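Spelled out from the first residue to the last, the chains are:
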Amino acid sequence: MIMNRLDIIQKYINYYNYSSYLEIGIDSGQVFNNVEIKLKESIDPSVGKYSYAKPTYKMYSDDFFIKYPTKKYDIIFIDGLHESDQVDRDIANSIKALNSNGTILLHDCSPPTEQSQQVPRNNIGLWCGDVWKSIVKFNYYNYTKFNTFVIDTDLGVGVIQE
């Protein structure tokens, strides 16, 4: 069986006995709705073609972290806007919102084609954006403080842990 992002999230939750989860970018809620944890919250602006999304906080992630600077989570899954400038901010904000011994996971760190990583989105098929740039930059500048790697499954699931 090949693991997907939901499997990986749940494995981290179970292994570390995490009790709080934040998901940035929920789309249809396919992952969020199936995560099993005591407290789970989500952020998504739910605009345009994603207006069907039903997040806990209907806002942009930058606004969420400004409005709720004291919220903390054991595990945070970043799968929002797949543009490295935004992902860089989501990582930086998530680090501040992470409990001690927490984990940040990022989806779409291994785009399969050049076309699938083009920014802006070209609206032709699968799109991972340039999330991979954010995980590479983060690792480069923080490699001594954080354990950072990508699990080669489900378009690449990045892991950041202290």
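First, a word on what this report is: a plain description of the structure on this page. (Residues numbered from 1 in each chain as written. Predicted model: local features only at pLDDT ≥ 70, side-chain atom pairs only at ≥ 80, totals over all residues. Heavy atoms only, no water.)

Quick notes on the overall build of the protein
A count of helices and strands for the protein gives four helices and six strands. Ordered by position from N to C terminus, the α and β elements of the protein give α-β-β-α-β-α-β-α-β-β. With the principal axes as the frame, the protein shows a C-alpha extent of 40 × 35 × 35 Å. When each of the 162 residues of the protein is scored for burial, the buried share is 46%. (Helix = DSSP H or I, 4+ residues; strand = E, 2+ residues; numbered from the N terminus. Buried < 20%, exposed > 50% of the residue type's maximum accessible area, 1.4 Å probe, protein only.)

Points about the environment of Ser61
You can see Ser61 is positioned in helix α2 (residues 61–67). When neighbours within four sequence positions are excluded, Ser61 is seen to be in contact with Ile24, Ile43, Gln86 and Asp90. (Contact = heavy atoms within 4.5 Å.)

Quick word on the nonpolar core
Counting 22 residues, the largest nonpolar core has Leu22, Phe64, Ile76, Leu106 and Ile160 as the members making the most contacts within it. Once residues within four sequence positions are removed from consideration, Ile76 is found in contact with Leu22, Ile24, Ser94, Ala97, Leu98, Thr103, Ile104 and Leu105. Listed in part, the 17 residues of the second largest apolar core include Tyr12, Tyr18, Tyr21 and Val35. (Core = buried A, V, L, I, M, F, W, Y, C linked by side-chain atoms within 4.5 Å.)

A look at the packing of aromatic side chains
Under the criterion given, the structure shown has ten aromatic pairs. A ring pair is formed by Tyr57 and Phe64, whose centres lie 5.0 Å apart and whose planes are at 55°; its orientation type is tilted. A relative accessible area of 12% means that Tyr57 is categorised as buried. The exposure class of Phe64 is buried, given its relative accessible area of 1%. Members of the aromatic cluster, joined through ring pairs, are Tyr12, Tyr15, Tyr16 and Tyr18. When the ring centre of Phe32 is taken as origin, the NZ or CZ atom of Lys40, which lies over that ring, is 5.1 Å away. We note Lys71 situated over the ring of Tyr68; from NZ or CZ to the ring centre the distance is 5.8 Å. (Phe/Tyr/Trp six-rings, centres within 6.5 Å; stacked < 30°, edge-to-face > 60°. Lys NZ or Arg CZ within 6 Å of the ring centre and 35° of its normal.)

Describing the pattern of salt bridges
Considering all chains together, one arrives at five salt bridges under this definition. Lys137 serves as the salt-bridge partner of Asp88, at 2.6 Å between the closest nitrogen and oxygen. In this pair, Asp88 is assigned in helix α3 (residues 84–96) and Lys137 in helix α4 (residues 131–142), connecting sequence segments 49 residues apart. Looking at Asp88, the relative accessible area reads 27%, which means it is partly exposed. (Salt bridge = Lys/Arg side-chain N within 4 Å of Asp/Glu carboxyl O.)

Some details on unusual backbone geometry
Here Val119 and Pro120 are connected by a cis peptide whose omega angle stands at 5°. One can find Pro120 in the loop between β4 (98–107) and α4. Positive phi values are uncommon outside glycine, yet Asp27 reaches one of about 50°. Tracing the chain through its elements places Asp27 in the loop between β1 (20–24) and β2 (39–43).

Examining the side chain of Gln86
Of note, Gln86 is situated in helix α3. A polar side-chain atom of Gln86 sits 3.2 Å from a polar atom in the side chain of Ser61. If we ignore the near neighbours within four places in the chain, the residues touching Gln86 are Ser61, Asp62 and Leu81. (Polar contact = N/O pair within 3.5 Å; in protein donor to acceptor, adjacent residues only side chain to side chain.)

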